[in-house]
Amino acid sequence: MKEYLVDKEEVLSVLDSSEDGLTSEVAKERLKQYGKNQLDEAKKQSLLSRFIDQMKDSMIMILLAAAVISGITSFVNKEPFTETIVILAVVIINALLGVYQESKAEKAIEALAAMSSATSRVIRDCHVAVVDSAELVPGDVVLLEAGDAVPADCRVIETHSLKAEEAALTGESVPVSKITEALSPGEGGDVTLGDRKNMVYMGSSIVYGRARAVVVDTGMKTQMGQIATAIATTEDTLTPLQVSLDKLGKTLSWLVLGISVLVFSISLIRLYPNITSDGILDTFMLAVSLAVAAIPEGLVAVVTIVLSIGVTSMSKRHAIIRKLTAVETLGSTQVICSDKTGTLTLNKMTVVDSTGSDKDLLARAMSLCTDVQMTEEGEPEGEPTELALVNFAMERGLDKRELEKEFPRVAEAPFDSVRKLMSTIHQHADKFTQYTKGAPDVLLQRCRTYLEGDTELPMTQEKLEQFLAENVEMADRALRVLAVAKRDYPVMPSSMEPQELEQDLCYIGLTGMIDPVRPEVADAIVLCREAGIRPVMITGDHQITAVAIARELGILDDPSQSITGAGLDTISDEDLTDRINDYSVYARVQPEHKVRIVRAWQEKGRITAMTGDGVNDAPSIKAADIGVGMGITGTDVTKNVADMVLADDNFATIVAAAEEGRRIYDNIRKAVQYLLSANLAEVIAIFVATLLNFTILRPVHLLWINLITDSFPAIALGMEEGESDLMQRPPRDPKASIFSDGMGADVLYQGFFVSILTLLAYFAGNFMETGEFIITGFEGGVSPQGMTMAFLTLSMAEMFHSLNMKSRRKSIFSLKHHNRYLFFAMVASLFMTTLVIYVPQLAEAFHFDHITLGEYGVAMLLAVCIVPMVEIVKFFQRKREQHS
């Protein structure tokens, strides 16, 4: 049936409905029959696919290669596959962690979507009810008013000056007036979509008036469903951290290959001409030892765990991260473009000032001249400005429900954006009173008198100028000002035309409203400034209001730092990029302006965050480096394309997330530096031992240190509190390498120090065992006692070195905070290292020799030396930085 070609009565009949809607029982049955009123979602990535994605990492590839080599070696030597199993376990655990975290973020988004799902007002069981829009069925009668999104395809059955914006479906930018009468078919016996003036469609919105409409199609059967296609997903770009780690993985691959080939070649040359199969195998195992030493097996898992912990921490601060890697980008954010309403402000309009000699009459008139509906619980529902007026009246003891009983509405002239007025006519006893509210400058021109107490006095030029001055004074304080007037009739007026009604009015007074600033935002703006982050306000509100709010928050100092959407239209993209630093406030903007603003900042090389809640905000959110969706007011579309969703729609949460991002990235760098310096120490120690023809450590020793001894302190470093000057530093350059700020040099000297201590421990152990410093005088170039002490010193030096890494430059003795996780990690590492040395079965598996408490003490003393050695270097680094 083509509902638009037949009378509304026939439509209701075919749908087996009425103007009083459906009963709840019938609605339930139809929901089973037609399904939910939802568009099909794009296919989600499977868990297996996500798991495979986690494997596409060069570091993971190296680990898998090491596992294969280790497995082959164990098979040839007929030894247990311990090393292979350990490496594969690390790879699998890392992948599972990544999959788990991304799935958890997705579930959080779904929970938010459920909390903020769209609702519709329908007539069920002859009463107005608010239901989830997904539960609408054909035959439901919905109530629509200005500001509503049309929830399904509907036939209009009653209208009061209804206009709908249908640009998403028809491309028509001008709102379409709606009627209830049947249409006549055009050419081809049909009516084109844009000309169906008695229909409203899913995807369109009501911009004016109100109406009743009966649902004819839901879900994928709607016009929107028929043309819906999955949103094309852009290929995710790698973040700087991913790029750095990927480069590191590739560099390590070549380094491992080069060193292993070099050591293998040197060893073969030494064996020549007495090369045997056992000799070749021993040489190969030596090369494998170097490979294991060079690869930081725990690095990938540590980074993933630290990011996961950070994401969990952010969620507790109301920031839900959809991708682990977004955490890093947050830490380098340089510009935050934020909506005003609801993010910088409370999104709750409140009357804070009023004028007029009769405040009760003012409140009554304002409350009655609204389309606010009262729920069964007595809560008002409607447009924010009108809600403020109703709440203003309720604060004076004037309940809207009681007012409507005493002064029932009998006629109206709905708000019109052209004439900027709204009028309602109410009956009281046998008389009729009209209340008209709207823009003060327009309304005052229609007033012939004004109210002074109970007396109506003629409007003079002096009084008119006084009332206009009161309006300007409120507007200068960024208040949204509305005026109200009245007109009494002995009988019901014959004409309902606005131009007839809105004349010869009696002026009552003004109300000034504002959406109050969130109390915590001002401090967040100050923190932004200190952190070198530029806060930018973007709003659809008037420029004068935006400037006043921005000035109050410290976003701008002068009105010249603001520009309107109309002003942007006169500037080319190139000029906007050149002048982007001049503007901190954008007022009266359209969604397409947001994309231009984001791109202009990006052209300047700035990492930009952009907030948004509407469907039309999706392009700008997707274009931004960090797209921020609103958890409460945001649509599903914006949440799905966002990198981060604010559960509380609060600007301060963005700043807190940026701070958390900085802390996490800072800690990841500390963990990476810690692990790489440890691996470098192992490589140097083994390389020196190879050149001097002795074995200092075996592959299984290195795996134990890399995966057990090092990993726990590295994870604990990831949980370190942010340093005191974290938000006083400028944002990190996203193009900067992870090794910037001298980190590469730090890795080199710290790795060198630890390797020296490890070699000294080996020599000490050999001396205590043989009484000589001779290195190659024992069978096979192996000193079991020297190896044991070298293992203990290397393990404990790296453990003590984790204390150095609490801060890359500050002395650990000046730090006031304590990391209990690091303390427990050190105790656990010490306990397990001691265990493998002194438990006979473990010591035998690791080829360790028993050492005395004195020898244990010497090894520990050497290990502790790493702390003062690094402290001395830090001291000179701080002096150099202060000087520069």
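Right above here is the structure, for reference.
A. Main features of the packing of aromatic side chains. The final tally for this structure, using the stated rule, is eleven aromatic pairs. With centroids separated by 6.0 Å and ring planes inclined at 45 degrees, the aromatic side chains of Y838 and Y856 adopt a geometry described as tilted. Placement of the pair is Y838 in helix α30 (residues 820-838) and Y856 in helix α32 (residues 853-864), with a sequence separation of 18 residues. Residue Y838 is classed as partly exposed on the basis of its relative accessible area, which comes to 27%. A connected cluster of aromatic rings, assembled from ring pairs, spans Y450, F467 and Y507. In this structure, R732 is placed above the aromatic ring of Y665, and the distance from its NZ or CZ to the ring centre is 3.7 Å.

B. Structural context of the packing of helix α26 (residues 699-709) against helix α29 (residues 784-804). Contact geometry of α26 with α29 gives a least axis separation of 11 Å together with a crossing angle of 20 degrees. Between α26 and α29, the angle is such that the two are roughly parallel. Like other packed secondary-structure pairs, α26 and α29 cross with a definite hand, here right-handed. Residues H701, W704, I705 and T709 of α26 lie in contact with α29, whose contacting residues are M787, F791, L794, S795 and E798. In terms of residue class, the contact of α26 with α29 is built from five nonpolar, three polar and one charged.

C. Representation of α32 in the model. Its twelve residues place the ends of α32 16 Å apart at the C-alpha level, agreeing with the 16 Å of an ideal helix rising 1.5 Å per residue. Along α32, the residues that are buried comprise E855, Y856, A859, M860, L862 and A863. Each buried residue of α32 sits inside an arc of 160 degrees when the element is viewed along its axis, so together they form one side. Of the exposed residues in α32, the ones pointing more than 90 degrees away from its buried face are L853 and L861. As for α32, its buried residues are in contact with α28 (743-770), α29, α30 and α33 (866-883).

D. Representation of a negative patch on the surface in the model. Side chains of D7, E9, E10, E19 and D20 sit close together on the surface and give a patch of like negative charge. Topologically, E19 is positioned in the loop between α1 (8-14) and α2 (24-34). The class of E19 is partly exposed, set by a relative accessible area of 36%.

E. Structural context of the pairing of strand β20 (residues 534-538). Counting buried positions along β20 gives five out of five residues, so the element sits mostly inside the fold. Burial along β20 is two-sided: R534, V536 and I538 and P535 and M537, pointing in opposite directions, are all buried. In the sheet, strand β9 (residues 335-339) pairs with β20 via five bridges, with the strands oriented parallel. The residue of β20 that forms the bridge with S338 is M537. Across two bridges, the pairing between β20 and strand β22 (residues 585-587) is parallel. Along β22, the bridge assignment pairs I538 with Y586.

F. Here's a closer look at a nonpolar patch on the surface. A surface patch of nonpolar side chains, amounting to about 620 Å² of accessible area, comprises V68, I72, F75, V76, F81 and I85. In terms of residues, the nonpolar patch owes the most to one element, helix α4 (residues 58-77), which gives four residues. Position of F75 among the secondary structure elements: in helix α4. Residue F75 is classed as exposed on the basis of its relative accessible area of 62%.

G. Representation of the pattern of salt bridges. Going through the model one piece at a time under the given rule, you end up with 36 salt bridges. Of the charged contacts in the structure, one is a salt bridge between R210 and D371, with a shortest N-O distance of 3.9 Å. A residue pair is termed long-range when its members are at least 10 positions apart, and R210 in strand β7 (residues 205-217) and D371 in the loop between α12 (359-368) and β11 (373-374) qualify at 161 residues. A salt bridge links K670 to E723; its shortest N-O distance comes to 3.0 Å. With K670 in helix α25 (residues 651-691) and E723 in the loop between α27 (711-717) and α28, this residue pair connects regions lying 53 residues apart in the sequence.

H. Highlighting the sheet that holds strand β25 (residues 644-646). Read across the open sheet, the eight strands follow the order β8-β25-β24-β23-β9-β20-β22-β21; overall the sheet is mixed. The strands lining the two open edges of the sheet, one partner per strand, are β8 (319-321) and β21 (562-564). Direction aside, the axes of adjacent strands within the sheet are offset by 20 degrees on average. Sheet strands in contact with helix α22 (residues 591-603) are β9, β20, β22 and β23 (608-612), and its direction is about 170 degrees off that of β23.

I. Spotlight on unusual backbone geometry. Positive phi is not limited to glycine here, since D125 has a value of about 55 degrees. On the accessibility criterion, D125 (37% relative accessible area) is partly exposed. Positioned with a positive phi, S161 is a non-glycine residue whose angle comes to about 55 degrees. Its location among the elements puts S161 in strand β4 (residues 153-165). Taking the relative accessible area as the measure of exposure, S161 reaches 37% and is therefore partly exposed.

J. The pairing of strand β16 (residues 447-452), seen in detail. Pairing of β16 with strand β19 (residues 505-514), which is carried by three bridges, proceeds in the parallel orientation. Following the sheet pairing, T449 is matched in β19 by C506. Pairing of β16 with strand β17 (residues 455-458) involves four bridges; the strand directions are antiparallel. Across the sheet, the residue bridging to L451 is E456, located in β17.

K. Broad picture of α12. By the criterion of burial, α12 is predominantly enclosed, with seven of the ten residues buried. Its side-chain oxygen at 3.3 Å from the backbone nitrogen of D360, D358 defines the N-terminal cap of α12.

Parameters at a glance
- Residues numbered from 1 in each chain as written.
- Predicted model: local features only at pLDDT ≥ 70, side-chain atom pairs only at ≥ 80, totals over all residues.
- Heavy atoms only, no water.
- Phe/Tyr/Trp six-rings, centres within 6.5 Å; stacked < 30°, edge-to-face > 60°.
- Helix = DSSP H or I, 4+ residues; strand = E, 2+ residues; numbered from the N terminus.
- Buried < 20%, exposed > 50% of the residue type's maximum accessible area, 1.4 Å probe, protein only.
- Lys NZ or Arg CZ within 6 Å of the ring centre and 35° of its normal.
- Axes fitted to C-alpha atoms, helices over the stretch in contact; angles between N-to-C directions.
- Parallel < 35°, antiparallel > 145°, perpendicular 65-115°, else oblique.
- Left-handed = near helix turned anticlockwise from the far one by under 90°.
- Contact = heavy atoms within 4.5 Å.
- Nonpolar A, V, L, I, M, F, W, Y, C, P; charged D, E, K, R; others polar.
- Expected span 1.5 Å × (residues − 1).
- Arc of directions from axis to C-beta.
- Patch = residues over 30% accessible without salt bridge, like charges linked within 9 Å, V, L, I, M, F, W, Y side chains within 5 Å.
- Areas by Shrake-Rupley, 256 points an atom, 1.4 Å probe, with all protein chains shown as cover.
- Salt bridge = Lys/Arg side-chain N within 4 Å of Asp/Glu carboxyl O.
- Lys, Arg positive; Asp, Glu negative; His and termini not counted.
- Charge placed at Lys NZ, Arg CZ, Asp CG, Glu CD.
- Pairing = 2+ DSSP bridges.
- Polar contact = N/O pair within 3.5 Å; in protein donor to acceptor, adjacent residues only side chain to side chain.

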